[in-house]
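Architecture at a glance
Residue strings, one per chain:
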Amino acid sequence: MAKKKTGPEDEATEAALRKVIQARSNLIMDEPFFGTLASRLNLTPDPTCKTFWTDGKRLGFNPQYAIDHTLAKIIGVVCHEVMHNADGHTFRRDGRDKKLWNKACDFAIDPIIVASGMQLPDGGHIDPAFDGLSAEEIYGRMQQQPSSQQSSKSQDRDSGENSVTGESDGKENPNQQQ
């Protein structure tokens with residue numbers, strides 16, 4: 001039987017998959033709680049998204065995004081996605097604006113990841129004004145801010161994607177969370 005030919009795109013996807021697998025393995029060893037949760041998610045290369053997403057069953061990722069970042073930062077991103085699941089962010093949205101809710105959730109999650117000694121890519125959502133607040137409390141405060149202030153608090157690495165609400169590049173997928 002002839003071996004299937006692979007092109008550069010397939011090789012890049014495989015390299016990205018190996019990096020995400022390594023990130024997940026490192027989490028199992030270094031942060032067993034997060035690693036165990038991450039290990040239950042099926043890895044899904046998804047070149048249509050800009051970063052990573054999860055639907056509680058799968059961990060989707062853009063292969064090029066994974067390749068372009070260090071292993072340490074991919075570990076942080078995997079942990080970020082797992083925390084959306086662990087914190088029940090999809091179920092807690094309760095009719096709130098999808099993009100603002102996702103950002104509020106990110107502001108609740110990212111300081112925990114950084115405080116745990118993990119790294120995140122540039123554009124992490126860190127604001128001392130939100131320290132110790134729930135996503136609901138952050139959302140309420142963000143609603144009261146002018147929209148120009150909402151976006152100035154971070155560089156929004158999501159670039160239009162929304163891991164909690166399933167939006168990616170303007171298309172809605174009810175299964176995706178980021």
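Residues numbered from 1 in each chain as written. Predicted model: local features only at pLDDT ≥ 70, side-chain atom pairs only at ≥ 80, totals over all residues. Heavy atoms only, no water.

As a packed pair, helix 4 (residues 71-86) and helix 6 (residues 98-115) sit with axes 10 Å apart at the nearest point and diverge in direction by 125 degrees. Between helix 4 and helix 6, the angle falls in the class oblique. For the pair helix 4 and helix 6, the crossing hand works out as right-handed. Touching Gly76, Cys79, His80, Met83 and His84 of helix 4 are Asn102, Cys105, Asp106, Ile109, Asp110, Ile112 and Ile113, all from helix 6. When the residues that make up the contact of helix 4 with helix 6 are grouped by side-chain class, the tally is six nonpolar, four polar and two charged. (Axes fitted to C-alpha atoms, helices over the stretch in contact; angles between N-to-C directions. Helix = DSSP H or I, 4+ residues; strand = E, 2+ residues; numbered from the N terminus. Parallel < 35°, antiparallel > 145°, perpendicular 65-115°, else oblique. Left-handed = near helix turned anticlockwise from the far one by under 90°. Contact = heavy atoms within 4.5 Å. Nonpolar A, V, L, I, M, F, W, Y, C, P; charged D, E, K, R; others polar.)

Quick look at the packing of aromatic side chains now. Inspection of the entire model under this criterion finds five aromatic pairs. Three or more aromatic residues link up through ring pairs in this structure, and these residues are Phe52, Phe61 and Tyr65. Here the guanidinium or amino end of Arg96 rests over the ring plane of Tyr139, the centre of that ring lying 5.7 Å away. (Phe/Tyr/Trp six-rings, centres within 6.5 Å; stacked < 30°, edge-to-face > 60°. Lys NZ or Arg CZ within 6 Å of the ring centre and 35° of its normal.)

A word on the nonpolar core. Among soluble globular proteins, nonpolar side chains are generally buried collectively. Residues Val20, Phe52 and Val78 are the most contacted members of the largest nonpolar core, which totals 24 residues. Mapped onto this core, the elements with two or more residues apiece are helix 1 (8-30), helix 2 (32-39), strand 3 (58-61), helix 3 (63-68), helix 4 and helix 6. Residue contributions to this core peak at seven residues, all from helix 4. With residues up to four places along the chain from it excluded, the contact list for Val78 reads Val20, Ala23, Leu27, Ala38, Phe52 and Leu59. Counting residues in hydrophobic clusters, the runner-up holds twelve residues, among them Ala108, Leu133, Ala135 and Tyr139. (Core = buried A, V, L, I, M, F, W, Y, C linked by side-chain atoms within 4.5 Å. Buried < 20%, exposed > 50% of the residue type's maximum accessible area, 1.4 Å probe, protein only.)

With that settled, the discussion passes to the confidence of the model for the protein. Of all residues in the protein, 78% have pLDDT values of 70 or greater, and the mean over the chain is 84. Across residues 164-177 the pLDDT falls below 50, and counting only partners more than four positions away or on other chains, this stretch makes 53 contacts in the model. (pLDDT = per-residue confidence, 0-100.)

Time to look at the sheet that holds strand 1 (residues 42-45). Within a sheet, adjacent strands bond to each other through the backbone by hydrogen bonds, running parallel or antiparallel. The strand order across the open sheet formed by three strands is 1-3-2, and the pairing between neighbours is mixed. Every interior strand has two partners, whereas the edge strands, strand 1 and strand 2 (52-54), have only one. Strand after strand, the sheet turns through a mean of 20 degrees between neighbouring axes, direction not considered. Pairing geometry for strand 2 and strand 3, over three bridges, is antiparallel. (Pairing = 2+ DSSP bridges.)

Below, the discussion takes up helix 6. Given a rise of 1.5 Å per residue, 18 residues ought to cover 26 Å, and the 26 Å separating the end C-alpha atoms of helix 6 matches this to within 8%. Taking burial as the measure, the 18 residues of helix 6 include 14 buried ones, the bulk of the element. Sitting at the head of helix 6, Asp97 places a side-chain oxygen 3.4 Å from the backbone nitrogen of Lys99. Positive phi appears at Gly117, one or two residues downstream of helix 6, with a value of about 90 degrees. (Expected span 1.5 Å × (residues − 1). Polar contact = N/O pair within 3.5 Å; in protein donor to acceptor, adjacent residues only side chain to side chain.)

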